[in-house]
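These are the residues of each chain, in order.
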Amino acid sequence: MRERSDRDVIAVERMSVTYMSGGKAVHAVKNCSFCVPKGEIVGLVGESGSGKSSALMAIPGLPPSGTLTSGEIYCRGVNLAILTEDDLSAWRWRRIAIVPQGAMNSFTPHLTIERHITEVLSHHLKIPKKTGRERAAELLSAAGLDSRVMTRYPHELSGGQKQRAALALALACEPDFLLADEPTTALDVITQKEVLETIVSIVRERGMGLLLVTHDLPLAAGMCDTLIVMKDGEIAESGPARQVSKDPRHPYTRLLIRAIREMDVAR
Ligand SMILES: Nc1ncnc2c1ncn2[C@@H]1O[C@H](COP(=O)(O)OP(=O)(O)OP(=O)(O)O)[C@@H](O)[C@H]1O
Ligand SMILES: [Mg+2]
């Protein structure tokens, strides 16, 4: 674990996330500690329901209301877990941006893609509309989209285009860290690969830190520096991606790798 004062890392320490559902407590994340250093890609893998999204959304303080969270989340030496909502909102977008599970969650249906980006730029960086429009075109181009999508509404884009637009939006304020939750699940295999490659190349080029949530361990192993394997809200295993995928220590990790291989063979 790095120093708390380290400016270039998100350090999650003893994080727990508990939902109250029908009077019962659901312990989605239990006492988890991990790091996302700037300039590195960290894959968070595990089967459905293992707590990946809960852990990711708790970092920028975005779990659903009524959720109990505990632990510390350091970024640039500041514990985000004790910030007020107003203070936290300044961290989101500008330092830590999110590509949520299902790109539709990034957009308001009645705003064009251009409006989405220019509003973020104007609200967070006070960039005027005209400059914002040029910046929006640049961001969309970096995300692999033609500037013609600027005037379109979210429902007028294909699944892959929507994910790319969500990526452009997340990159608008040049954040240090990107948190991407299954950014390509709903896409076909080829588009999935292309969009992931775009995300990885942008992150590498800009020296950002990326937390990439996916259920596909072998895919994550090929793209990430570090892998964290979650099971039932706990970290089963973590380490260098190559070691975790080639020489897994935990039986659950071996099971995950086998399950994905069997799925590939069946395809
Ligand atoms: N809002 C909620 N209220 C109650 N329980 C929830 C809520 N959101 C998630 N859970 C539960 O918390 C646990 C972890 O869910 P989470 O969404 O973090 O899993 P995940 O690893 O992201 O799964 P997936 O791969 O399907 O997206 C699950 O048991 C889930 O049912
Ligand atoms: Mg999820």
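All figures in this text were calculated on a predicted structure; none of them were measured in a lab. (Residues numbered from 1 in each chain as written. Chains lettered and ligands numbered in written order. Predicted model: local features only at pLDDT ≥ 70, side-chain atom pairs only at ≥ 80, totals over all residues. Heavy atoms only, no water.)

*Asks:* Looking at this structure, how should I read the site of ligand 1?
*Replies:* Around ligand 1 sit 15 residues in total, of which S48, G49, K52, S53 and S54 are the nearest. One of the side-chain N or O atoms of K52 is found 2.8 Å from an oxygen atom in ligand 1. At 2.5 Å from an oxygen atom of ligand 1 is found a side-chain nitrogen or oxygen belonging to S54. Contact with the protein chains removes 65% of the 630 Å² of surface that ligand 1 exposes when unbound. Contributing elements (two or more residues each) for the shell around ligand 1: β1 (9-21), β2 (24-37) and α1 (52-58). For the shell around ligand 1, the leading source of residues is α1, giving three residues. Its residues assigned to classes, the shell around ligand 1 comprises four nonpolar, eight polar and three charged. (Near = heavy atom within 4 Å. Polar contact = N/O pair within 3.5 Å; in protein donor to acceptor, adjacent residues only side chain to side chain. Areas by Shrake-Rupley, 256 points an atom, 1.4 Å probe, with all protein chains shown as cover. Helix = DSSP H or I, 4+ residues; strand = E, 2+ residues; numbered from the N terminus. Nonpolar A, V, L, I, M, F, W, Y, C, P; charged D, E, K, R; others polar.)

*Asks:* Is there a simple way to explain the environment of V12 in this structure?
*Replies:* Counting through the fold element by element, V12 comes out in strand β1. Accessibility expressed as a relative area gives 0% for V12, which makes it buried. Expressed as a C-alpha distance, the spacing of V12 and S53, which sit 41 residues apart in the sequence, is 14 Å. (Buried < 20%, exposed > 50% of the residue type's maximum accessible area, 1.4 Å probe, protein only.)

*Asks:* What is the right way to read the pairing of β1 from this model?
*Replies:* When a strand is regular, its side chains alternate between the sheet's two faces. In terms of strand pairing, β1 meets β2 through 10 bridges, oriented antiparallel. Paired with V17 across the strands is V29, a residue of β2. In this antiparallel pair of consecutive strands, β1 and β2, the connection spans two residues, and G22 shows a positive phi of 55°. Examined bridge by bridge, β1 and strand β4 (residues 68-75) share seven bridges and lie antiparallel to one another. Its bridge partner lying in β4, A11 is registered against Y74. (Pairing = 2+ DSSP bridges.)

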